[in-house]
Amino acid sequence: MTVFVTGATGKLGPHVIASLVARGERVRALVRDPGKARPLLPADAELVQGDFAAIPTVEAELAAAATMLLLTPHGPDMAAVQNTLIDLATRAGTRVVKVSGTSAGIRPDGPDACRQHFDAEKHLADSGVPWAVVRPNGFMQTLIVAMAATVRERGLIANPLGTAGISLVDCADVGAAAAAVLTDPRHDGRHYVLTGPAAPTYAEIAAVISEETGVDVKVLDVTPEQAGDAARARGLSDWEAGHLTEMLGMFRTGASEYVTTDVEEVTGRQPRSVRDFVRDHRHLFTG
Ligand SMILES: NC(=O)c1ccc[n+]([C@@H]2O[C@H](COP(=O)([O-])OP(=O)(O)OC[C@H]3O[C@@H](n4cnc5c(N)ncnc54)[C@H](OP(=O)(O)O)[C@@H]3O)[C@@H](O)[C@H]2O)c1
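Residues numbered from 1 in each chain as written. Predicted model: local features only at pLDDT ≥ 70, side-chain atom pairs only at ≥ 80, totals over all residues. Heavy atoms only, no water.

Draft legend 1. Representation of the UniProt feature "domain: NmrA-like" (unreviewed entry) in the chain within the structure. Mapped onto this structure's residue numbering, the UniProt feature "domain: NmrA-like" (unreviewed entry) falls at residues 2-225. In the segment residues 2-225, helix accounts for 42% and strand for 18%; the C-alpha atoms at its two ends are 44 Å apart. (UniProt positions renumbered as here; feature names shortened; annotations may be inferred. Helix = DSSP H or I, 4+ residues; strand = E, 2+ residues; numbered from the N terminus.)

Below, the structure is given as structure tokens:
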């Protein structure tokens, strides 16, 4: 089966492609910069140079593919970009598997990125093409990697979640689940809510990092607004900083503490824990 993959070179894309290639599927990956993409992706993945605005390129790929992985970065225009790609897939009659966001926020009044996922999911459901959706919770590759930087620099993590837990998920598990869904139409019409195996608090995550790295990690309580301001000071755009504040505010209510069995249902294996992730990425914490 040929799978056309967008968002191939970000945090999640390479994991999806590695799982597809391991299953023996043919992957056509849309990339803006083949020189950057080549070392990130398996040698068997075929690179298609272009971006989301390269309509004739995307149309040609959709015409030749059985399924498209719809994965685009969040930003103020995410739903508009995704709806255009859904329209192109609809014209080509190509099945779509969409990566959405944290399930708790995917509603018309959710945080902006989640609200946009709600819009794009609805557009997809109304399109007439076969579809499936995966809704991962926050990625370990985003939130724990961010913690690693402050552990390295200051021996602490900032905690904007108070006493709430969060069922962070490893992109390796999201990639494996997405590959399974991409290659089997029996998943059509389903929404899979992908989480890790537990929902630790930030204090519990700090303890795991200390145990696994030998660094005595302190926890500094902050508000979601302070975390957003710090991100803006590090150079994030106003939209990105606002997005972070909104998401952290939602997480702080405990809305993302749910733990599902969907990774295991789709992949046949248990999702990886925060401890597994920290153990495999010790170098990020110790420099
Ligand atoms: N971060 C999280 O914790 C999290 C959790 C759950 C769901 N999500 C969802 O996951 C999605 C983001 O995935 P990610 O974190 O893997 O993204 P990412 O790391 O931001 O990567 C974005 C990808 O999109 C590509 N891209 C950007 N602009 C493009 C354009 N104009 N044309 C073609 N390609 C373009 C990038 O290519 P280049 O390499 O060329 O820049 C890169 O491959 C969002 O929908 C988000 O809501 C994220």
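Draft legend 2. The arrangement of the site of the ligand in detail. Among the 23 residues in the neighbourhood of the ligand, the closest are listed as Thr9, Leu12, Arg32, Lys36 and His117. Gly10 places a main-chain nitrogen or oxygen 3.1 Å from an oxygen atom of the ligand. A distance of 2.8 Å separates an oxygen atom of the ligand from a polar atom in the side chain of Arg32. For the ligand, the protein covers 83% of the area, taking 930 Å² as the surface of the free molecule. Partitioned by chemical class, the residues of the shell around the ligand number eight nonpolar, 11 polar and four charged. (Near = heavy atom within 4 Å. Polar contact = N/O pair within 3.5 Å; in protein donor to acceptor, adjacent residues only side chain to side chain. Areas by Shrake-Rupley, 256 points an atom, 1.4 Å probe, with all protein chains shown as cover. Nonpolar A, V, L, I, M, F, W, Y, C, P; charged D, E, K, R; others polar.)

Draft legend 3. A look at the pairing of strand S6 (residues 131-136). Most of S6 is tucked away: six of the six residues are buried. Examined bridge by bridge, strand S5 (residues 95-99) and S6 share four bridges and lie parallel to one another. If you follow Val96 over to S6, its bridge partner there is Trp131. In this structure, S6 lies alongside strand S8 (residues 191-194), joined through four bridges in parallel fashion. For Arg135, the partnering residue across the bridge sits in S8 and is Val193. (Buried < 20%, exposed > 50% of the residue type's maximum accessible area, 1.4 Å probe, protein only. Pairing = 2+ DSSP bridges.)

Draft legend 4. Representation of the sheet that holds strand S3 (residues 46-49) in the model. Taken in spatial order, the seven strands of this open sheet run S3-S2-S1-S4-S5-S6-S8, and their pairing is parallel. The open sheet terminates on both sides in strands that have one partner only, identified here as S3 and S8. On average, each strand axis in the sheet is tilted by 20 degrees relative to the strand beside it, whichever way the strands run. The pairing of strand S1 (residues 2-5) with strand S4 (residues 67-70) spans three bridges and is parallel. By the bridge assignment, Val5 is partnered in S4 with Leu69. Lying over the sheet, helix H4 (residues 78-92) contacts S4 and S5, oriented at roughly 175 degrees with respect to S4. Seen against the sheet, helix H7 (residues 171-182) touches S1, S4, S5, S6 and S8 and runs at an angle of roughly 165 degrees to S5. (Axes fitted to C-alpha atoms, helices over the stretch in contact; angles between N-to-C directions. Contact = heavy atoms within 4.5 Å.)

Draft legend 5. Representation of the domain arrangement of the chain in the model. The assigned domain composition of the chain is domain 1 (2-137 + 170-194) and domain 2 (140-167 + 197-258 + 269-286). Taking the mean C-alpha position of each, domain 1 and domain 2 sit 26 Å from one another. Each partner contributes residues to the interface: domain 1 has 22 residues there, and domain 2 has 20 residues. Surface buried jointly by domain 1 and domain 2 totals about 1600 Å² across both partners, of which 56% is contributed by carbon and sulfur atoms. Inspection of the region where domain 1 meets domain 2 yields two salt bridges. Its salt-bridge partner being Asp170, residue Arg272 comes within 2.8 Å of it at the nearest N-O pair. Linking domain 1 with domain 2 are 10 residue pairs in polar contact (both at pLDDT 80 or more), by the criterion used here. (Domains from an automatic or database assignment. Buried area = accessible area lost by both parts, 1.4 Å probe. Salt bridge = Lys/Arg side-chain N within 4 Å of Asp/Glu carboxyl O.)

Draft legend 6. Spatial organisation of the packing of helix H9 (residues 224-233) against helix H10 (residues 238-252). H10 packs onto H9 with a crossing angle of 155 degrees between their chain directions and a minimal axis gap of 8 Å. As the angle between them shows, H9 and H10 are arranged roughly antiparallel. Crossing of H9 against H10: the hand is right-handed. From H9, Pro224, Glu225, Ala227, Gly228, Ala231 and Arg232 reach across to H10, where they touch Asp238, Ala241, Gly242, Leu244, Thr245, Leu248, Gly249 and Arg252. Each residue belonging to the contact of H9 with H10 can be placed in one class, and the counts come to six nonpolar, four polar and four charged. (Parallel < 35°, antiparallel > 145°, perpendicular 65-115°, else oblique. Left-handed = near helix turned anticlockwise from the far one by under 90°.)

Draft legend 7. Quick look at the pattern of salt bridges. Under the counting rule described, the total for this entry stands at 22 salt bridges. Where Glu61 meets Arg28, a salt bridge forms, and the shortest distance between an N and an O atom there is 2.8 Å. Placement of the pair is Glu61 in helix H3 (residues 55-64) and Arg28 in strand S2 (residues 26-31), with a sequence separation of 33 residues. Of the charged contacts in the structure, one is a salt bridge between Asp184 and Arg186, with a shortest N-O distance of 2.7 Å. Judged by its relative accessible area of 17%, Asp184 falls in the buried class.

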